Amino acid sequence: MTNKNAKEIDFSLSDEEKDDLDQMIKDFNRERNTHLENPDHENQLKVMKDRFEQLGDVILKINDRVDSLYEIMRLMHQKSEMLNARIDEIREAL
């Protein structure tokens, strides 16, 4: 009764998200090295603000994916409940 060829849900990051994270890390390391050589507090605050904005964008993207996953799981549960009700009706009819 089980379907061995059932599709699995992919929870990994998309290529675009991986590229965004890689670019953020590279930019962060490059700017951090520059700022360690030339400490400028105002510039460091600006860089930190920019970093937080970028991290916020990444978190929002991940949140959208989690919302989509939640909706898929909710619909799967609803479908399962409907199928269970139909099976129960068939059992009662027999």
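Residues numbered from 1 in each chain as written. Predicted model: local features only at pLDDT ≥ 70, side-chain atom pairs only at ≥ 80, totals over all residues. Heavy atoms only, no water.

**So, the overall build of the protein**
Next, step 1: Along the backbone of the protein there are two helices and zero strands.
Next, step 2: The buried share of the protein, reckoned over its 94 residues, is 7%.
Next, step 3: About 8800 Å² of surface is accessible on the protein, with carbon and sulfur atoms providing 57% of the total. (Helix = DSSP H or I, 4+ residues; strand = E, 2+ residues; numbered from the N terminus. Buried < 20%, exposed > 50% of the residue type's maximum accessible area, 1.4 Å probe, protein only. Areas by Shrake-Rupley, 256 points an atom, 1.4 Å probe, with all protein chains shown as cover.)

**Notes on empty space enclosed by the protein**
Next, step 1: One pass over the structure, following the stated rule, counts one cavity of 30 Å³ or more.
Next, step 2: In this structure, the largest cavity spans a volume of roughly 50 Å³.
Next, step 3: Leu13, Glu17, Asp20, Leu21, Val58, Lys61 and Ile62 are the residues that line the largest cavity.
Next, step 4: Of all the secondary-structure elements, those providing two or more residues to the lining of the largest cavity are helix H1 (15-37) and helix H2 (41-93).
Next, step 5: For the lining of the largest cavity, a count of residues per class yields four nonpolar, no polar and three charged. (1 Å grid on protein atoms, 1.4 Å probe; cavity = no way out; pocket = protein on both sides within 12 Å on 5 of 7 lines; lining within 4 Å. Points joined across faces, edges and corners; volume = space filled by probe spheres on them. Nonpolar A, V, L, I, M, F, W, Y, C, P; charged D, E, K, R; others polar.)

**Details of the side chain of arginine 51**
Next, step 1: Tracing the backbone shows arginine 51 in helix H2.
Next, step 2: Residue arginine 51 is classed as buried on the basis of its relative accessible area of 11%.
Next, step 3: Leaving out residues up to four positions away in the same chain, arginine 51 has contacts with Met24, Asp27, Phe28 and Glu31. (Contact = heavy atoms within 4.5 Å.)

**Points about a nonpolar patch on the surface**
Next, step 1: Together, Leu45, Met48, Phe52 and Leu55 line one region of the surface with nonpolar side chains, adding up to about 430 Å² of accessible area.
Next, step 2: Tracing the backbone through its elements, the reader meets methionine 48 in helix H2.
Next, step 3: Overall, methionine 48 belongs to the partly exposed group, its relative accessible area being 45%. (Patch = residues over 30% accessible without salt bridge, like charges linked within 9 Å, V, L, I, M, F, W, Y side chains within 5 Å. Salt bridge = Lys/Arg side-chain N within 4 Å of Asp/Glu carboxyl O.)

**Here's the deal with the pattern of salt bridges**
Next, step 1: For the structure shown, the criterion picks out seven salt bridges.
Next, step 2: In this structure, arginine 65 and glutamate 17 form a salt bridge, with 2.7 Å as the shortest nitrogen-oxygen distance. Note that arginine 65 is positioned in helix H2 and glutamate 17 in helix H1, a separation of 48 residues in sequence.
Next, step 3: With a relative accessible area of 32%, arginine 65 lands in the partly exposed category.
Next, step 4: Here glutamate 17 falls in the buried class, since its relative accessible area comes to 10%.

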